[in-house]
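Residues per chain, in single letters:
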Amino acid sequence: MTDLTTNQAVQPGIALPSDYVALLKPRVMSLVVFTALVGLVAAPGAMHPVLALISIFAIALGGGAAGALNMWFDADIDAKMQRTCRRPIPAGRIGRNDALAFGLFLSFVSILLLGAAANYFAALFLAFTIFFYVVIYSMGLKRRTPQNIVIGGAAGAFPPMIGWAAATGSFDANAVLLFSIIFLWTPPHFWALALYKRSDYAAAGIPMMPVVKGAASTRLQILVYAILVTVLGIVPVFTGLGGALYAAVSVLSGGLFLFLAVRVVLSRAGDDPGPGQAELYQVKKGDKAARDLFAFSIMYLFILFGALLVEHGTGSHSPLPIAFLQGLI
Amino acid sequence: MSEEYELTQEQIKARDRRSKAIGLGLLVFVVLVFVVTVFRKMQELGLEPTG
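Now for a quick tour of the structure. In this text the structure is predicted, and so the values were computed from the model without any measurement.

## Remarks on the interface of chain A and chain B
Working step 1: Every contact between the two is made by 20 residues of chain A and, on the other side, 19 residues of chain B.
Working step 2: Of the roughly 1600 Å² buried between chain A and chain B on both sides combined, carbon and sulfur atoms contribute 72%.
Working step 3: On the chain A side of the contact with chain B, A:P17, A:H48 and A:L51 bury the most area, a combined 28% of that side's loss.
Working step 4: Put simply, chain A and chain B have 0 salt bridges between them.
Working step 5: Elements that contribute at least two residues to the side of chain A that touches chain B include exactly helix 1 (17-23), helix 3 (49-73) and helix 5 (96-117) of chain A.
Working step 6: Broken down by element, the side of chain A that touches chain B gets its largest block of residues, 5 residues, from helix 3 of chain A.

Okay, here's the thing in structure tokens:
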């Protein structure tokens, strides 16, 4: 970030409510809401449904606030990237200071609301998550190291733990397991995107893995993380968190995830450092395997967590018998 | 002393929509705090099951 006070390029007074909604990164918010909901529903504690709904709303608001603060800080690099240059701040519809105030205000409201609806342990953890995303990831890691999204991925992995904490007031091994799945899922997800948006990141000076270490190294690391997340994705079956449906879903979708990761390794995705396409899912020739993995990785997480939601949300969850699991090992 | 200038129609419309959104947001917040307070009090008094 170069200038905290830049408001000169802003056209005064034209921002619409929808521009402020865009500041919240609705697409990221939907993942936050979903994973937090799964954490809350899968946790052993019981919450009144109305308070649970308000808690999820508060977590979503906190996630949105973190998004707004991220856009405030990253406005300079957003302006340089095709994918992000139409966001409200670089497009001149919202001033940087306005985005900062909006993000801070929503952070405060979301933490307060979660504390009131659930408990202050969960609220403090939400505050820490916003801090981690904005200060540790956006300000600290993103522009300094190719490991930015590996470490920073923790911020996106915290929501199921916040949901769990909202329901129980504490964590246990299964909460950490949900965190770990998203944590290990993040690198292959973002590096697949970075492979086919490589020129965008290079232009903005962000040291994403393909920019710093090259496409071949990134493709290999994607495979390593894909193997790790696929294996870890099956572990909830053995801890009792996932039942028969989850077992089937995690094996099948994990297999497809691995297949697509192998396809990326065998491809030449990211080799051409030339300018890419502006739209999120548009790719130039040779990058299709990376785009496919990126797209499926989102679905993979939804499928995995969706199975837990169905099992725990409908009361149909029953852990597989120990003898059966021992037979598998 | 502040400089005065006339807002364009587009700015006036945008301002109205922002004002309405802020009003709605505040209303939602007040309702949520009220609902949370009622449910927590009911739980404290044992009038409502925990889930």
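Here the narrative resumes, following the displayed structure.
## What about the side chain of A:D292?
Working step 1: In this fold, A:D292 is placed in helix 14 (residues 288-313).
Working step 2: Taking the relative accessible area as the measure of exposure, A:D292 reaches 17% and is therefore buried.

## Here's the deal with the environment of A:G286
Residues and elements named next belong to chain A.
Working step 1: One can find G286 in the loop between helix 13 (244-266) and helix 14.
Working step 2: Residue G286 is classed as partly exposed on the basis of its relative accessible area, which comes to 41%.
Working step 3: Counting along the chain gives 19 residues from G286 to S267, while the straight-line C-alpha distance between them is 7.3 Å.

## Concerning unusual backbone geometry
Working step 1: One non-glycine residue with positive phi stands out, namely A:K25, at about 55 degrees.
Working step 2: Looking at where A:K25 falls in the secondary structure, it is placed in the loop between helix 1 and helix 2 (26-42).

## Regarding the side chain of A:N119
All names here are of chain A.
Working step 1: Within the secondary structure, N119 is located in the loop between helix 5 and helix 6 (120-141).
Working step 2: Polar contacts involving the side chain of N119 include one to the main-chain amide nitrogen of A122, which spans 2.8 Å.
Working step 3: A polar side-chain atom of N119 sits 2.9 Å from the main-chain carbonyl oxygen of A165.
Working step 4: Other than its neighbours up to four places away in sequence, N119 contacts L114, A165, A166 and G169.

## Notes on the packing of helix 2 of chain A against helix 14 of chain A
Residue and element names in this part refer to chain A.
Working step 1: Direction vectors running N to C along helix 2 and helix 14 enclose 35 degrees, while the axes themselves pass 9 Å from each other. Note on packing geometry: the crossing formed by helix 2 with helix 14 is left-handed. Residues L31, F34, T35, L37, V38, V41 and A42 of helix 2 form the contact with helix 14, whose own contacting residues are L301, F302, F305, G306, L308, L309, H312 and G313.
Working step 2: Split by residue class, the contact of helix 2 with helix 14 holds 11 nonpolar, 4 polar and no charged.

Each value, and the rule that gives it
- Residues numbered from 1 in each chain as written.
- Chains lettered and ligands numbered in written order.
- Predicted model: local features only at pLDDT ≥ 70, side-chain atom pairs only at ≥ 80, totals over all residues.
- Heavy atoms only, no water.
- Contact = heavy atoms within 4.5 Å.
- Buried area = accessible area lost by both parts, 1.4 Å probe.
- Salt bridge = Lys/Arg side-chain N within 4 Å of Asp/Glu carboxyl O.
- Helix = DSSP H or I, 4+ residues; strand = E, 2+ residues; numbered from the N terminus.
- Buried < 20%, exposed > 50% of the residue type's maximum accessible area, 1.4 Å probe, protein only.
- Polar contact = N/O pair within 3.5 Å; in protein donor to acceptor, adjacent residues only side chain to side chain.
- Axes fitted to C-alpha atoms, helices over the stretch in contact; angles between N-to-C directions.
- Left-handed = near helix turned anticlockwise from the far one by under 90°.
- Nonpolar A, V, L, I, M, F, W, Y, C, P; charged D, E, K, R; others polar.

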